Amino acid sequence: MLKTSIDELTLVLQATVSDKLALENNKDWQRLANKIITEFEKKADLVAVLGDQQEEQNCPQGYNVGKKYGDHSFYFCVAYNKENYQMGIIVKFSAQALAYYLKSADQQVYEFLQALKSNKYEFRLSRCDVDVDFLNEKVTPTRIFNDLKHEKVLIYYQKKNKDKTIFVRKNCKLQGFAINKEVPTCYLGAVSSDCQLKIYDKKLEQIQRSGSKLAWVLKFDSVVRFELALKHDLAHNFTNLLLNIHSNKELNDLILSIFLQKFYF
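Residues numbered from 1 in each chain as written. Predicted model: local features only at pLDDT ≥ 70, side-chain atom pairs only at ≥ 80, totals over all residues. Heavy atoms only, no water.

1. Some points on the sheet that holds strand β12 (residues 223-231)
Inference 1: Strand order in the open sheet made by the ten strands is β2-β3-β4-β5-β1-β6-β12-β11-β10-β9, with antiparallel pairing throughout. Looking at the sheet topology across the chains shown, the edges are occupied by β2 (53-56) and β9 (174-179). Across the sheet, the axes of successive neighbouring strands diverge by a mean angle of 20 degrees, strand direction being ignored.
Inference 2: Judged from the four bridges that link them, β2 and strand β3 (residues 65-69) form a sheet pairing that is antiparallel. Each residue of the ladder has a partner; that of Glu-55, found in β3, is Lys-67. (Pairing = 2+ DSSP bridges. Helix = DSSP H or I, 4+ residues; strand = E, 2+ residues; numbered from the N terminus. Axes fitted to C-alpha atoms, helices over the stretch in contact; angles between N-to-C directions.)

2. A look at helix α9 (residues 232-242)
Inference 1: When α9 is considered as a whole, its buried residues turn out to be Leu-234, Ala-235, His-236, Phe-238, Thr-239 and Leu-242.
Inference 2: Of the surrounding elements, those touching the buried residues of α9 are β1 (2-14), α5 (109-115), β6 (122-135), β11 (195-201), β12 and α10 (248-262). (Buried < 20%, exposed > 50% of the residue type's maximum accessible area, 1.4 Å probe, protein only. Contact = heavy atoms within 4.5 Å.)

3. Here's the deal with the layout of surface pockets
Inference 1: Within this model, the largest pocket holds a volume of roughly 620 Å³.
Inference 2: Surrounding the largest pocket, 23 residues form its lining, Lys-3, Ser-5, Ile-6, Ala-99 and Lys-213 being those nearest its centre.
Inference 3: Listing elements by their share of the lining of the largest pocket, those giving two or more residues are β1, α4 (95-105) and α10.
Inference 4: In terms of residue count, α4 provides more of the lining of the largest pocket than any other element does, seven residues in total.
Inference 5: Its residues assigned to classes, the lining of the largest pocket comprises ten nonpolar, seven polar and six charged. (1 Å grid on protein atoms, 1.4 Å probe; cavity = no way out; pocket = protein on both sides within 12 Å on 5 of 7 lines; lining within 4 Å. Points joined across faces, edges and corners; volume = space filled by probe spheres on them. Nonpolar A, V, L, I, M, F, W, Y, C, P; charged D, E, K, R; others polar.)

4. Focus: the packing of aromatic side chains
Inference 1: Evaluation of the coordinates by the stated rule reveals 14 aromatic pairs.
Inference 2: Ring geometry for Phe-167 and Tyr-264: centres 4.5 Å apart, planes at 35 degrees, overall tilted. With Phe-167 in strand β8 (residues 164-169) and Tyr-264 in the segment after α10, this residue pair connects regions lying 97 residues apart in the sequence.
Inference 3: We classify Phe-167 as partly exposed; its relative accessible area is 40%.
Inference 4: For Tyr-264, a relative accessible area of 35% puts it in the partly exposed group.
Inference 5: Members of the aromatic cluster, joined through ring pairs, are Tyr-69, Phe-76, Phe-93, Tyr-101 and Phe-112.
Inference 6: Positioned over the ring face of Trp-216 is Lys-3, at 5.4 Å from the centre of the ring. (Phe/Tyr/Trp six-rings, centres within 6.5 Å; stacked < 30°, edge-to-face > 60°. Lys NZ or Arg CZ within 6 Å of the ring centre and 35° of its normal.)

5. Some details on the pattern of salt bridges
Inference 1: Considering all chains together, one arrives at twelve salt bridges under this definition.
Inference 2: The closest approach of N and O atoms between Glu-205 and Lys-202, which form a salt bridge, is 3.1 Å. You can see Glu-205 and its partner Lys-202 sitting in helix α7 (residues 202-209), three residues apart, about one turn around the helix. Like Glu-205, the residue Lys-202 is buried in the burial classification.
Inference 3: Linked by salt bridges that have partners in common, Asp-7, Asp-131, Asp-133 and Arg-225 make up one network. (Salt bridge = Lys/Arg side-chain N within 4 Å of Asp/Glu carboxyl O.)

Note that all results are geometric; they support no functional claim without further evidence.
Structure (structure tokens):
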């Protein structure tokens, strides 16, 4: 059995072109950034869902003015750089923060993004992790790693060739982190690439960390997660795709399609 989901995401909000052209100094940008945050806060209903706005000292790299909402153990931050308007405003959800927000707001990711549309800013994803969980299937990260290492299993990706789509052999970096004879986690692709695939034992991870999804994974004999981190142009393009879907089935099909395009085993 398969289950798809979106695990975590990072958004970047940008001021409109006309507002950027009107900026004369850093103070102008700081005022504009706070106006954009206020608009985003309203569109996302952050105070009602997460709690009152507070200062956040631990900003994402490169940003120096941060806001958080409510008192939570997970990481959620809205931040900007007060000297650099070109960096925009970052909105970073950890996996636990995104799960909490979507459950509390009773939304799916595509509904959340569609609700953010505003004439006061533009936005797009800079990172998005999409997942496929294999539940009670006869597959393990160790077996997958060994089969890939010995080329018993090959990887392909989709490519447009004139009027048809073809599959092309994909050569990518393979890393495995062994514990005794087992490889509970392996990676395909470089960290710097636009998509890196992580394959790991989700049930073991949740047991070791006493994670927020522990009760859920314990319902199954095994949970192996394929987690694809979309970055750069891939994440940007994924934003547009999410803005044009209207059902959970379409979301499920979109996630599976992304996997098939990038890592076809």
